[in-house]
Amino acid sequence: MSDSPSLARVPDPEVPARATRRTYSARYKAQILLEYAALDAAGRGALLRRHGLYTSHIANWRKLREQGGLAALAGTPGRPPTDPRERELARLQQDNAHLQAELSKAQQVIAVQGKLSALLEQLATSSATPSTNGESSR
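Residues numbered from 1 in each chain as written. Predicted model: local features only at pLDDT ≥ 70, side-chain atom pairs only at ≥ 80, totals over all residues. Heavy atoms only, no water.

A.B. asks: I'd like to hear about the overall build of the protein chain, residue by residue, with values.
C.D. replies: Along the protein chain, the regular secondary structure elements total five helices and zero strands. Walking the protein chain from its N terminus toward its C terminus, one meets helices and strands in the order α-α-α-α-α. For the protein chain, restricting intrachain contacts to residue pairs at least 6 apart in sequence, the fraction spanning at least 24 positions comes to 56%. When the accessible area of the protein chain is evaluated, it comes to approximately 12300 Å², of which 56% is carbon and sulfur surface. (Helix = DSSP H or I, 4+ residues; strand = E, 2+ residues; numbered from the N terminus. Contact = heavy atoms within 4.5 Å. Areas by Shrake-Rupley, 256 points an atom, 1.4 Å probe, with all protein chains shown as cover.)

A.B. asks: Any chance you could break down helix α2 (residues 26–38) for me, citing the residues and the numbers?
C.D. replies: Between the first and last C-alpha of α2 there are 19 Å, a value that for 13 residues agrees with the 18 Å anticipated at 1.5 Å per step. All of the buried residues along α2 are Ala26, Lys29, Ile32, Leu33 and Tyr36. Projected down its long axis, α2 shows its buried positions confined to an angular sector of 125°, all on one face. Exposed residues on α2 whose side chains face more than 90 degrees from its buried face are Arg27, Leu34 and Ala38. (Expected span 1.5 Å × (residues − 1). Buried < 20%, exposed > 50% of the residue type's maximum accessible area, 1.4 Å probe, protein only. Arc of directions from axis to C-beta.)

A.B. asks: Describe in detail the nonpolar core, supporting the description with residues and values.
C.D. replies: Counting eight residues, the largest nonpolar core is built from Ile32, Leu33, Tyr36, Leu47, Leu48, Leu53, Ile58 and Trp61. Only α2, α3 (41–51) and α4 (55–74) provide two or more residues apiece to this core. When residues in this core are grouped by element, the largest group, three residues, is from α2. Apart from the residues lying within four places of it in its own chain, the contact partners of Leu48 are Tyr36, Leu53, Tyr54, Thr55 and Ile58. (Core = buried A, V, L, I, M, F, W, Y, C linked by side-chain atoms within 4.5 Å.)

A.B. asks: Before we move on, can you summarise the pattern of salt bridges with the specific residues and values?
C.D. replies: Inspection of the entire model under this criterion finds four salt bridges. Among the salt bridges present, the one from Arg91 reaches Asp95, with a minimum N-O distance of 2.8 Å. Of this pair, Arg91 and Asp95 both sit in helix α5 (residues 84–128), four residues apart, roughly one helical turn. The exposure class assigned to Asp95 is partly exposed, which follows from its relative accessible area of 34%. Overlapping salt bridges, with partners in common, bring together Glu88, Arg91 and Asp95 in one network. (Salt bridge = Lys/Arg side-chain N within 4 Å of Asp/Glu carboxyl O.)

In short, geometric facts, not functional conclusions.
This is the structure in structure tokens:
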């Protein structure tokens, strides 16, 4: 039996326990973009299948290349890391908002307690005075 090149490229059917994100070098991205631009529609599809890529990869890589050339292609995808001071500031602002809400609640409770205390005092003083509507107490 002869070893054919197509059989040598059969992927391993074993699924890894944890998926890993594929990463591509800037040189690889630039090479694929050049090859993709030189091919017709059928050749482009074959290129994408051969390398396991999607048209969205090509679109994103073109956009990066237009923005900053090879250096932009080398950048890591995703959101840039935040400054620790910005994270701390956001946390402190959130804590401040929470404490302001707690303070507002406490002030409302104190106001209600003050009104209740005044009402109870008024009721106590009015019941302590004798009635003046002509009834006699027994």
